[in-house]
Amino acid sequence: PDYCMFIIILMPDKKIINNGIIAISMVVLFLSIYYFFLGIKFQEKGKFPEVGEVFRKDNNVRRKTEGGLSWSEIDHSSKIFPGDKIFTGSASVAQLNLLDLLEVGMTSSTLLKIDPKIEEGIGLQGGLGLFTAKLSGKLTKSTIKLKNATFELDGKGSEIQVNATEEKTTVTALSGNISFH
């Protein structure tokens, strides 16, 4: 449930029962508020396998889980799951390591979504801001979706830089094989 509501009727002659009800109500209310306002999404083991972690983080980096209601601060080494949206605030940067195969560098005021629908490898859905994506490890392909275009990095060391604004998106091939669909 997104919220819990409790009505407590206080009766002076049942002080112990009322104190117990108040204590339990306070705990449940606190947990409900924590869940609602921080967008904490409890994930079942195996249902949402992690796809990476935050390798480096400076200043304000936040996550909104798929289906979450709000953004919450993430720490260095926080796990990343399919469907997560990652945002860097002003004067903030983050480096993500996805499946130990794709390195993603995010500069300030950048929004990315980890694509939950990619069947092979890992995918990103670009939002706004400046980021780089580089293949490393054994991954041979990775997909990056940007508004109306899809880019595929093909081969270890392939790297692109994306600068997306409301008006336009600029993609620069930095190294390796990049295809456009």
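Scroll up to find the structure.
Note that residues are indexed from 1 along each chain, following the sequence as it is written. Totals for whole chains, interfaces and linings use all residues, but because this is a predicted model, local features are given only for residues with pLDDT of at least 70 and pairs of side-chain atoms are given and counted only at 80 or more. Heavy atoms from the whole structure form the basis of all side-chain values; hydrogens and water molecules are not counted.

Quick look at the overall build of the chain now. Each helix and strand in the chain was counted, giving one helix and 13 strands. When the helices and strands of the chain are read in sequence order from the N terminus, they spell out α-β-β-β-β-β-β-β-β-β-β-β-β-β. Here a residue-residue contact requires only that any non-hydrogen atoms of the pair lie within 4.5 Å. Within the chain, contacts between residues at least 6 apart in sequence are counted, and of these 44% link residues at least 24 apart. With an accessible surface of roughly 11,100 Å², the chain has 58% of that area assigned to carbon and sulfur atoms. Helix numbering and strand numbering both begin at the N terminus, where a helix is a DSSP run of H or I of at least 4 residues and a strand a DSSP run of E of at least 2. The Shrake-Rupley method, run with a 1.4 Å probe sphere, supplies the accessible areas, and residue values consider only the shown protein chains as cover.

Any Lys or Arg side-chain nitrogen found within 4 Å of a carboxyl oxygen on Asp or Glu counts as a salt bridge. Counted by the stated rule, this structure contains six salt bridges. We note a salt bridge from Glu-73 to Arg-62, for which the minimum N-O separation is 3.7 Å. With Glu-73 in strand E3 (residues 72-73) and Arg-62 in strand E2 (residues 61-64), the pair connects residues that are eleven residues apart, well separated along the chain. Glu-73 gets classed as partly exposed once you look at its relative accessible area, which sits at 37%. We note a salt bridge from Asp-84 to Arg-63, for which the minimum N-O separation is 2.9 Å. A residue pair is termed long-range when its members are at least 10 positions apart, and Asp-84 in the loop between strand E4 (79-80) and strand E5 (85-88) and Arg-63 in strand E2 qualify at 21 residues. Think of it in three bands: with a 1.4 Å probe and only protein chains considered, a residue is buried below 20% of the maximum accessible area for its type, exposed above 50%, and partly exposed in between. Overall, Asp-84 belongs to the buried group, its relative accessible area being 1%. Here the salt bridges do not stand alone but share partners, grouping Glu-50, Glu-53 and Lys-79 into one network.

This part is about the environment of Asn-177. Among the structural elements, Asn-177 can be located in strand E13 (residues 169-180). Once the C-alpha coordinates of Asn-177 and Gly-155 are considered, the two residues, 22 residues apart in sequence, prove to be 6.5 Å apart. Setting aside chain neighbours within four positions, we find Asn-177 in contact with Glu-152, Leu-153, Asp-154 and Ser-158.

By secondary structure assignment, the location of Ile-114 is in strand E8 (residues 110-115). Expressed as a C-alpha distance, the spacing of Ile-114 and Leu-124, which sit ten residues apart in the sequence, is 4.8 Å.

Before going further, it helps to examine the nonpolar core. Ranked by internal contacts, the top residues of the largest apolar core, which has 26 residues, are Leu-96, Leu-98, Val-104, Met-106, Leu-124, Phe-131 and Ile-144. Elements that contribute at least two residues to this core include exactly strand E6 (93-98), strand E7 (102-106), E8, strand E10 (129-135), strand E11 (141-146) and strand E12 (149-164). Excluding its chain neighbours within four sequence positions, the residues that come into contact with Val-104 are Ala-94, Gln-95, Leu-96, Leu-98, Leu-112, Leu-124, Phe-131 and Thr-132. Here, nonpolar core refers to any group of buried Ala, Val, Leu, Ile, Met, Phe, Trp, Tyr and Cys residues whose side-chain atoms link them within 4.5 Å.

This brings us to the pairing of E10. Burial along E10 is one-sided: Gly-129, Phe-131, Ala-133 and Leu-135 are buried, while Leu-130, Thr-132 and Lys-134, pointing the other way, are not. Relative to E12, E10 runs antiparallel, the two sharing six bridges. Opposite Phe-131, over in E12, you have Val-162 as the bridge partner. Paired strands, in this sense, are two strands between which DSSP finds at least two bridges.

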